[in-house]
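Structural characterization, general
Now for the letters of each chain:
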Amino acid sequence: MTGWLAIAGLGPGDAALITPEVSAALSEATDVVGYAPYVARVGAREGLTLHPSDNGMELKRACDALKLAAEGRKVVVVSSRDPGVFAMAAAVFEALEASRKWQDVAIRVLPGVTAMLAAAARTGAPLGHDFCAINLSDNLKPWPVIEKRLRLAADADFAIALYNPRSTSRADGFGRALDVLREAGCGGRIVIFAHAVTTAKERIETVSLKDARPEMADMATLVIIGNSATRRVGRFVYAPRRAS
Ligand code: SAH
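Anyway, here's the lowdown on the structure attached to this text. (Residues numbered from 1 in each chain as written. Predicted model: local features only at pLDDT ≥ 70, side-chain atom pairs only at ≥ 80, totals over all residues. Heavy atoms only, no water.)

To continue, consider the packing of helix 3 (residues 58-70) against helix 4 (residues 88-98). Where helix 3 meets helix 4, the closest approach of the two axes is 8 Å, and the angle between their N-to-C directions is 70°. Overall, the two elements helix 3 and helix 4 adopt an arrangement that is roughly perpendicular. In this structure, the crossing between helix 3 and helix 4 has a hand that is right-handed. Each of Glu58, Leu59, Arg61, Ala62, Cys63 and Leu66 in helix 3 lies in contact with helix 4, whose residues at this interface are Met88, Ala91, Val92, Glu94, Ala95 and Leu96. A breakdown of the residues in the contact of helix 3 with helix 4 according to their chemical character gives nine nonpolar, no polar and three charged. (Axes fitted to C-alpha atoms, helices over the stretch in contact; angles between N-to-C directions. Helix = DSSP H or I, 4+ residues; strand = E, 2+ residues; numbered from the N terminus. Parallel < 35°, antiparallel > 145°, perpendicular 65-115°, else oblique. Left-handed = near helix turned anticlockwise from the far one by under 90°. Contact = heavy atoms within 4.5 Å. Nonpolar A, V, L, I, M, F, W, Y, C, P; charged D, E, K, R; others polar.)

Moving on, we come to the site of the ligand. Arg81, Val85, Thr114, Met219 and Thr221 are the nearest of the 19 residues found near the ligand. Within the backbone of Ala115, an N or O atom sits 2.9 Å from an oxygen atom of the ligand. Separating an oxygen atom of the ligand from a backbone N or O atom of Met219 is a distance of 2.5 Å. Across the complex, the protein chains shield 93% of the 550 Å² of accessible surface that the ligand would expose by itself. (Near = heavy atom within 4 Å. Polar contact = N/O pair within 3.5 Å; in protein donor to acceptor, adjacent residues only side chain to side chain. Areas by Shrake-Rupley, 256 points an atom, 1.4 Å probe, with all protein chains shown as cover.)

Attention now goes to helix 4. For the α-helix, the turn length of 3.6 residues means that residues three or four positions removed from each other point alike. Met88, Ala89, Ala91, Val92 and Ala95 are the residues of helix 4 that are buried. Take helix 4 and look down its axis: the buried residues cluster within an arc of 165°, on one side only. Facing away from the buried side of helix 4 by over 90 degrees, the exposed positions are Glu97 and Ala98. Here the buried face of helix 4 lies against strand 1 (4-9), helix 3, strand 4 (74-79) and strand 5 (106-110). (Buried < 20%, exposed > 50% of the residue type's maximum accessible area, 1.4 Å probe, protein only. Arc of directions from axis to C-beta.)

Applying the stated rule across the entire model yields eight salt bridges. Arg182 serves as the salt-bridge partner of Asp179, at 3.1 Å between the closest nitrogen and oxygen. With Asp179 and Arg182 both in helix 7 (residues 173-183) and three residues apart, the pair spans about one turn of that helix. When its relative accessible area of 27% is taken as the criterion, Arg182 is described as partly exposed. A salt bridge links Arg213 to Glu215, with the nearest nitrogen and oxygen atoms 3.1 Å apart. On the basis of relative accessibility, which here comes to 43%, the residue Arg213 falls in the partly exposed class. (Salt bridge = Lys/Arg side-chain N within 4 Å of Asp/Glu carboxyl O.)

Applying the stated criterion across every chain, the model contains zero disulfides. Unpaired in terms of disulfides, Cys132 finds its nearest cysteine sulfur in Cys186, a separation of 11 Å. Cys132 sits in the buried class, given a relative accessible area of 17%. (Disulfide = S-S within 2.5 Å.)

So, about the packing of aromatic side chains. Applying the stated criterion across every chain yields a total of three aromatic pairs. Centre to centre, the rings of Phe86 and Tyr163 are 5.0 Å apart; their planes meet at 70°, and the pair counts as edge-to-face. Remark: Tyr163 occurs in strand 8 (residues 159-163) and Phe86 occurs in the loop between strand 4 and helix 4; sequence separation between them is 77 residues. Its relative accessible area of 41% is what places Phe86 among the partly exposed residues. Its relative accessible area of 9% is what places Tyr163 among the buried residues. The ring of Trp4 is capped by Arg108, whose NZ or CZ atom sits 4.9 Å from the centre of that ring. (Phe/Tyr/Trp six-rings, centres within 6.5 Å; stacked < 30°, edge-to-face > 60°. Lys NZ or Arg CZ within 6 Å of the ring centre and 35° of its normal.)

Below, the structure is given as structure tokens:
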């Protein structure tokens, strides 16, 4: 049996947003590896072994998956939303780079709908012009780097998608990020708080940055800061296609 490894994104929550390519890989798989809540989204079936693991185990999980594939198993590493955006795909390539023993494993990355695209679609077209995405988690990068990127993004007048805005272990960072953006002169910009998009708990709130409070976000929230031209039209928010 020839093994393979697919790193697949399960989309933002709604099963209708799982791509046919990901569904096909899951139906051919012998093993599914991933963070327990994501593995739980894959139904058990005959011939499929589920390998749930805890948060923070990304590198070990990547090594386990590569080892299984090298042994001839058909392995899907499941990731939330898109596997290449602040998720498992980079961890698999870190594992591959660290040890040459898996270099012949057939690896595919199967995209999914990342949170910022699901959130943007819900509100209109806030990413309709130039934008960037910043992960506010300082687990793997120092906070001054985050502040610098926020300042430069504000200066360049990008719309900014903020992933991982706030968690119980990082309660203060998001408030500081809002302050950095206000100090950079963005107080009048539109901010979208998109919570648990495409799930039953979805909640969308749109406010002006000067009125944004840290408590409006949690770990299941994707925050979009509009650019200086982002505006409302009816119940929608969009970024015009032209910039001056
Ligand atoms: N790979 C994921 C991102 C992982 S980082 C992706 O492509 O979207 C986890 C962060 O993603 C969360 O803290 C939150 O900011 C965002 N996120 C993931 N799913 C979301 C959803 N359904 N609604 C809003 N934000 C979401």
